[in-house]
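# Understanding the architecture of this molecule
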Amino acid sequence: MTQHTTQPLVAILLGSYNGAKYIGQQLDSIAKQTHAHWRLIISDDGSTDDTLQEIERSTQDWAPGQLVVRQGPRQGFCQNFLSMACDTSVQADMYAFSDQDDVWLPEKLQVAVEHIQQHARPDQPYVYCGRTSYVRDNLKPYEESTLFVYPRSFRNALIQSIAGGNTMVFNQAAKQLIEQAGMVPTVSHDWWLYQLITGAGGRVFYDEKSYILYRQHAQALVGGNTTITARFKRIFLVFQGRFEAWTDRNILALNQARDLLTPESREIFDLFVRLRHSTLKHRFRMLEVCGLYRQTWRGTISLIIAAVFKKI
């Protein structure tokens, strides 16, 4: 495996757990990346199947130092990913999250790296993310994730996650910000990055083109949500209080990182916290003042419904 040391070094952070069935294909797709200067860190969260053996088999021809396997915190997928992102000993020029059961197109890393090189300032936290192509268990494509076109901002991030962590590549300034925030009790690592980076004055770029085959299967912890069934399920979960519970956890996390937010973001955040428990009249008024929005008209309707029934 040839190293191109003039290229930025990318640390790929892969969280694994009982992924023996699929992880070999993902490791093969990583090995075939056209951006060849990378290092893979796998945090295994206590697998009881043959995941570790499959990793060893799939990487036996890799160069020394190309792979590091470590033990995860065993507190769920979010904390597993954050344990790598918050680790100050993990250092590179850029960082990419990876799921264990996807397949990356060969140019996935190269596109993200070149974009960050061209558009990000070294001192500004920057995240590249984008769409995914949903595929069946056999990798047969059937749909792309929803196309989001509205601005990526803290006003959106408070109430919506727009991209999977498996699409995210971020720079050193973003990594330092994540380290400063620490191991927060948030819902998911990708949503947390969106909130933290935009809240702290960083930038998030959303690529309209997909470079990931996002496998949908029964064991997936997080899957696509574009079907009619999935949409009705989301509405049901709103009324069951799931979204409200997620918001509670995100608020705890943002409070922990409050000092990292810009003054404007803190003001928006404080209004958001207040509106959740206000009267109906004040909820709508404060919703308008906060300027919160989702990326689709269906999402906006669901936000209004959640506000009516005090389920934000």
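Not measured: the values here are computed from a predicted model. (Residues numbered from 1 in each chain as written. Predicted model: local features only at pLDDT ≥ 70, side-chain atom pairs only at ≥ 80, totals over all residues. Heavy atoms only, no water.)

## Side note on the overall build of the protein chain
A tally of helices and strands in the protein chain yields twelve helices and eleven strands. Rg of the C-alpha trace for the protein chain: 19 Å, near the compact-globule value of 20 Å for 312 residues, within the 12% margin. With the principal axes as the frame, the protein chain shows a C-alpha extent of 65 × 40 × 35 Å. Taken across its 312 residues, the protein chain has 54% of its residues classed as buried. (Helix = DSSP H or I, 4+ residues; strand = E, 2+ residues; numbered from the N terminus. Rg over C-alpha atoms; globule rule 2.2 N^0.38 Å. Buried < 20%, exposed > 50% of the residue type's maximum accessible area, 1.4 Å probe, protein only.)

## Looking at the nonpolar core
Counting 58 residues, the largest nonpolar core has Leu158, Trp192, Phe272 and Leu292 as its most contacted members. A per-element tally of this core places helix H7 (residues 189-199) first, with six residues. Leu40, Ile55, Tyr126 and Tyr128 belong to the second-largest nonpolar core, a separate cluster that totals 26 residues. (Core = buried A, V, L, I, M, F, W, Y, C linked by side-chain atoms within 4.5 Å.)

## Thoughts on the packing of helix H10 (residues 263-275) against helix H11 (residues 280-290)
One can describe the packing of H10 onto H11 by two numbers: an axis separation of 9 Å at closest approach and a directional angle of 165 degrees. Comparing the axis directions of H10 and H11 gives the class roughly antiparallel. Relative to H11, the crossing made by H10 is left-handed. Only Arg283, Met286, Leu287, Val289 and Cys290 of H11 make contact with H10, whose side of the interface consists of Ile268, Leu271, Phe272, Arg274 and Leu275. Its residues assigned to classes, the contact of H10 with H11 shows eight nonpolar, no polar and two charged. (Axes fitted to C-alpha atoms, helices over the stretch in contact; angles between N-to-C directions. Parallel < 35°, antiparallel > 145°, perpendicular 65-115°, else oblique. Left-handed = near helix turned anticlockwise from the far one by under 90°. Contact = heavy atoms within 4.5 Å. Nonpolar A, V, L, I, M, F, W, Y, C, P; charged D, E, K, R; others polar.)

## Overview of the sheet that holds strand S8 (residues 141-144)
Ordered in space as S5-S11-S7-S8, the four strands form an open sheet in which the pairing is mixed. Two strands bound the open sheet, and with one partner strand each, they are strand S5 (103-104) and S8. Here strand S7 (residues 133-135) runs beside S8; their pairing, made up of three bridges, is antiparallel. Residue pairing in the sheet places Ser133 in a bridge with Glu144 of S8. (Pairing = 2+ DSSP bridges.)

## Let's talk about the pairing of strand S2 (residues 38-44)
Sheet faces and side chains relate simply in a regular strand, where the side chains alternate between the two faces. When you tally the buried positions in S2, you get six out of seven residues, the bulk of the element. With five bridges connecting them, S2 and strand S3 (residues 67-71) associate as parallel partners. Within the sheet, the bridge partner assigned to Leu40 lies in S3 and is Leu67. Chirality of the crossover, the property in question, places the unit of S2, helix H2 (residues 51-58) and S3 among those that are right-handed. (Right-handed = clockwise from strand over helix to strand, strands pointing away.)

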